[in-house]
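Per-entry structural report
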Amino acid sequence: QVQLVESGGGLVQAGGSLRLSCAASGRTFSSYAMGWFRQAPGKEREFVAAINWNGDSKYSSASMKGRITMIRHNAKNTMYLQMNSLKPEDTAVYFCAADPELSNNWNNFRGIHIWGQGTQVTVSS
């Protein structure tokens, strides 16, 4: 099983950009689909985006589509989420996640069982 550590969160003005990183430990990173969820205060954790083991299949939430780019470097055990045109409603703790497959498990956070500790993203208006 992999262990996940996020970085790259911070404070940014509306319209700005951030790049989140997820570093994984363990030799089996390339065997996992990877993704991101986010959780705003008082709200349930929601899906942001996911990518399959080799990066040739991706999907994202409707609210983030067109504003994000997700890539992974299996040789570096790292995944990145580039977020552009950020809005105040994007403010949340962003969690990196892993699952053996890019499946319907990603539709709900309860289907995912490997998590990082989260990184705070705050977008000011």
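Scroll up to find the structure this text is about.
Figured I'd write up the structure that's included with this text.

The rules behind these values
- Residues numbered from 1 in each chain as written.
- Predicted model: local features only at pLDDT ≥ 70, side-chain atom pairs only at ≥ 80, totals over all residues.
- Heavy atoms only, no water.
- Salt bridge = Lys/Arg side-chain N within 4 Å of Asp/Glu carboxyl O.
- Helix = DSSP H or I, 4+ residues; strand = E, 2+ residues; numbered from the N terminus.
- Buried < 20%, exposed > 50% of the residue type's maximum accessible area, 1.4 Å probe, protein only.

1. Structural notes on the pattern of salt bridges
Tallied over the entire structure, the rule returns four salt bridges. Residue Arg38 is joined to Asp90 by a salt bridge in which the shortest nitrogen-to-oxygen separation is 2.9 Å. Of this pair, Arg38 sits in strand β4 (residues 33-39) while Asp90 is found in the loop between β8 (78-83) and β9 (92-99), placing the two residues 52 residues apart along the sequence. Exposure class is identical for Arg38 and Asp90. Each is buried. Arg67 serves as the salt-bridge partner of Asp90, at 2.7 Å between the closest nitrogen and oxygen. Residue Asp90 is found in the loop between β8 and β9, and its partner Arg67 is found in the loop between β6 (58-60) and β7 (68-73); the two are separated by 23 residues along the sequence. Since its relative accessible area comes to 1%, Asp90 is described here as buried.

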